[in-house]
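Close look at the chain arrangement
This is what each chain is made of:
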Amino acid sequence: MTIAFIDLAAQQSRIRSRLDARLKQVMDRGDYIMGREVGELETALSERLGGHHTISCSSGTDALILGLLGLQVRPGDGIIVPSFTFAASAESIAVLGASPVFAEVEEASFNLDPNLLGDALSAGKKAGLNMVGIMAVGLFGQPANLPAISEFAAKNGLWLLDDAAQSFGAKWAEKPVGQFGAVTATSFFPAKPLGCYGDGGALFTGDDKIAGIVRSCRIHGQGSDKYENIHIGMTARLDTMQAAVLLAKLEIFDEELAARQQIAERYNKMLEDIVTTPKLADATTSSWAQYVIRLPEGGDRSAIQADLAKKGVPTAIYYPRPMHTQPVYTHYPVSTSGLALTEKMASDVLALPMHPYLEKDTQIRIVQALESALAIKAA
Ligand SMILES: Cc1ncc(COP(=O)(O)O)c(C=O)c1O
């Protein structure tokens, strides 16, 4: 039997009656756009983040674009971003006519290396860009070193936007992701740790001015009434139905985060002698959106993946090709010290099944299948 890579069905069977009740309420009222649950969700998320503004929206990508609009990014601006990330991080910058400047990541966390930010800043300046900010990404669920990155940003007159599409729910030294930097963006794509049943996202900020611009831009840049436009905006609202789904899932989110942590620890113990397992920085937690290992040198990743698939173990590669090597991004600046580690990681990472309902016996089966796939390759 094939194992689920992410088991949304197990989660749904746990909360189905709550989901049905919440969705029925929306249908009974018919307030599908900006309805009651949208406000309830925003209030609940703001409470989680100690009073920061929450502005829900139509996707994680739109949350990033709205955040950049709130920060008043202009064509010709340069923004430091890792190359080892999902396309949306760099795309949100480029689509506004600004320029991503690709920076190197750290070996342990897969995230921006705070010690190499200066090299990316130099590359952006050399390219003639007006360097305005840093977009950090909490890849696979672990936040980037947000305190160190904030310090660098402050010293260099840059803002920090945290792409927490994968890391919402994690903490750095007890401080939740969502409270660092000028803006945090997250995604509610179904496979994310807190996911809805379609596209959705949210943006968090402690800055009233940014919140005002973003709220307006989410609805066509509207002003004090519906037919006054004060910004160039977009249609980027979260549907009431999706907010209803998220409210049902939010009730069990912390339990699910704890379960993911336990599952990651079990994987770490079982795998630490055979592959490179993910390591969390001290005082950091992860939302474990993905559990990503690195394969030993010389292994044939495609053959290993194919062998695992034959044994019913699905895997994925996040991400096989760094952004700076993608056809449409090759002309953007790259850190002066290069991106060798990014390129190496893209060639040896492998994501294993990860979700809060993964049972110990299934994990044992996954580990045994991986051991035998690795042995074939070594033979
Ligand atoms: C790091 C990162 N940023 C942004 C996004 C974009 O989110 P969405 O798919 O909701 O637009 C994703 C989604 O996979 C992501 O992983």
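Keep in mind that this is a model prediction, so the values were computed, not measured.

Quick word on the domain arrangement of the chain
Taken domain by domain, the chain comprises domain 1 (8-103 + 110-250) and domain 2 (253-378). Each of domain 1 and domain 2 has a C-alpha centre, and these two points are 25 Å apart. With 39 residues of domain 1 at the interface, the matching set in domain 2 holds 30 residues. Considered class by class, the residues forming the side of domain 1 that touches domain 2 number 23 nonpolar, 12 polar and 4 charged.

Looking at the site of the ligand
Surveying the vicinity of the ligand reveals 15 residues, the closest of which are Gly60, Thr61, Ala88, Ala165 and Ser187. Of all elements in the fold, only helix H3 (60-70) and helix H4 (87-94) reach the threshold of two or more residues within the shell around the ligand.

Observations regarding the environment of leucine 250
Tracing the backbone shows leucine 250 in helix H8 (residues 240-250). Each C-alpha atom, one on leucine 250 and one on alanine 44, is 8.7 Å from the other, the two residues being 206 residues apart in sequence. Here leucine 250 is in contact with Ala44 and Leu194, once residues within four sequence places are set aside.

Some points on the pairing of strand E9 (residues 201-205)
E9 sits mainly inside the fold: 5 of its 5 residues count as buried. Burial of E9 is two-sided: the residues Gly201, Leu203 and Thr205 facing one way and the residues Ala202 and Phe204 facing the other way are all buried. Note that strand E8 (residues 183-187) and E9 share 4 bridges and pair antiparallel. Paired with threonine 186 across the two strands is alanine 202, which belongs to E9.

Quick look at the packing of helix H1 (residues 8-29) against H8
Pairs of packed helices are described in terms of their axes, by the angle between the two and the distance that separates them. H8 packs onto H1 with a crossing angle of 150 degrees between their chain directions and a minimal axis gap of 9 Å. Regarding the angle of H1 to H8, the classification is roughly antiparallel. H8 is crossed by H1, and the crossing has right-handed handedness. In this structure, H1 uses Ile15, Arg18, Leu19, Arg22, Leu23 and Val26 to contact H8, whose residues at the interface are Thr240, Met241, Ala244, Val245, Leu247, Ala248 and Lys249. Residue composition of the contact of H1 with H8, by class: 9 nonpolar, 1 polar and 3 charged.

Looking at the packing of H3 against H4
At a minimum axis distance of 9 Å, the contact between H3 and H4 shows a crossing angle of 40 degrees. Our pair here, H3 against H4, has a crossing hand that is right-handed. Along the contact surface, H3 presents Gly60, Thr61, Leu64, Ile65 and Leu68, while H4 presents Ala88, Ser89, Glu91, Ser92 and Ile93. Grouping the amino acids of the contact of H3 with H4 by side-chain chemistry returns 5 nonpolar, 4 polar and 1 charged.

About the criteria used
- Residues numbered from 1 in each chain as written.
- Predicted model: local features only at pLDDT ≥ 70, side-chain atom pairs only at ≥ 80, totals over all residues.
- Domains from an automatic or database assignment.
- Contact = placed C-beta atoms within 7 Å.
- Nonpolar A, V, L, I, M, F, W, Y, C, P; charged D, E, K, R; others polar.
- Near = placed C-beta within 6 Å.
- Helix = DSSP H or I, 4+ residues; strand = E, 2+ residues; numbered from the N terminus.
- Buried ≥ 20, exposed ≤ 12 C-beta atoms within 10 Å, placed from the backbone.
- Pairing = 2+ DSSP bridges.
- Axes fitted to C-alpha atoms, helices over the stretch in contact; angles between N-to-C directions.
- Parallel < 35°, antiparallel > 145°, perpendicular 65-115°, else oblique.
- Left-handed = near helix turned anticlockwise from the far one by under 90°.

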